[in-house]
Amino acid sequence: CGSCTSFTVADAVSIEAREKPVVAVVTAEFETHGHNLARHLGHGDLKVLVMPYPLEARPDDELLQIAESYYPQALELLAGQ
């Protein structure tokens, strides 16, 4: 429904407003919603890491592989702030 994305983006905007590095992590299904909400909240340049969708039904070994492959991107986004 996008509520997790809404809370994630709102929390990330609150952190960014305090000039702390932050990356909002969302899934591909809610990428547009996340970017739209960030713009609506006045933080259109919020760093957003987009993960594959869905995640909850994947086996643990696949989730670990996804986490390992996306972790460097998260670090790059944080470093770019």
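The structure this text deals with has already been given above.
None of the values given here were measured: they were computed from a predicted structure.

(A) Helix α2 (residues 31-40), seen in detail. The set of residues buried in α2 consists of G34, L37 and A38. Looking straight down α2, one finds that the buried residues subtend no more than 100 degrees of arc, so they occupy a single side. Of the exposed residues in α2, those oriented more than 90 degrees away from the buried face are T32 and H40. Along its buried surface, α2 packs onto α1 (3-17). Looking one or two residues past α2, G42 carries a phi angle of roughly 85 degrees, positive in sign.

(B) View of the pairing of strand β1 (residues 24-27). Where β1 lies against strand β2 (residues 48-51), four bridges are found, and the strand directions are parallel. Residue pairing in the sheet places T27 in a bridge with M51 of β2. A crossover links β1 with its parallel partner β2, the connecting element being α2, and its sense is right-handed.

(C) Inspection of the nonpolar core at higher detail. Counting residues in hydrophobic clusters, the biggest one holds 10 residues: V9, A12, V13, V22, A24, V26, L37, A38, L46 and V48. Mapped onto this core, the elements with two or more residues apiece are α1, β1 and α2. The dominant element in this core, judged by the number of residues it contributes, is α1, at three residues. Counting six residues, the second largest nonpolar core, distinct from the first, contains V23, L49, M51 and I66.

(D) Here's a closer look at unusual backbone geometry. In this chain, Y53 is followed by P54 through a cis amide linkage whose omega measures -5 degrees. Topologically, P54 is positioned in the loop between β2 and α3 (60-79). Not every positive phi belongs to a glycine, and E19 is a case in point at roughly 60 degrees. With respect to the helices and strands, E19 occurs in the loop between α1 and β1. With a relative accessible area of 73%, E19 lands in the exposed category.

Analysis parameters
- Within any chain, residue numbers begin from 1 and follow the written order of that chain's sequence.
- Since the coordinates come from a predicted model, pLDDT governs what is reported: local features require at least 70, and pairs of side-chain atoms require 80 or more to be given and counted, while whole-chain, interface and lining totals use all residues.
- In computing side-chain properties, one takes all heavy atoms of the structure into account and sets aside hydrogens as well as water.
- Buried means the residue's accessible area, taken with a 1.4 Å probe over protein chains only, is under 20% of the maximum for its type, while exposed means over 50%, and partly exposed covers the values in between.
- The way it works is that DSSP assigns letters per residue, a run of H or I at least four long becomes a helix, a run of E at least two long becomes a strand, and they are numbered from the N terminus.
- Taking the helix axis as origin, the arc is that swept by the directions to the C-beta atoms.
- Here, residues are in contact when the closest pair of their heavy atoms is within 4.5 Å.
- Strands are treated as partners if at least two bridges between them are detected by DSSP.
- When the strands point away from the viewer, a crossover counts as right-handed if the path from the first strand over the helix to the second runs clockwise.
- Side-chain atoms within 4.5 Å are what join buried Ala, Val, Leu, Ile, Met, Phe, Trp, Tyr and Cys residues into a set we call a nonpolar core.

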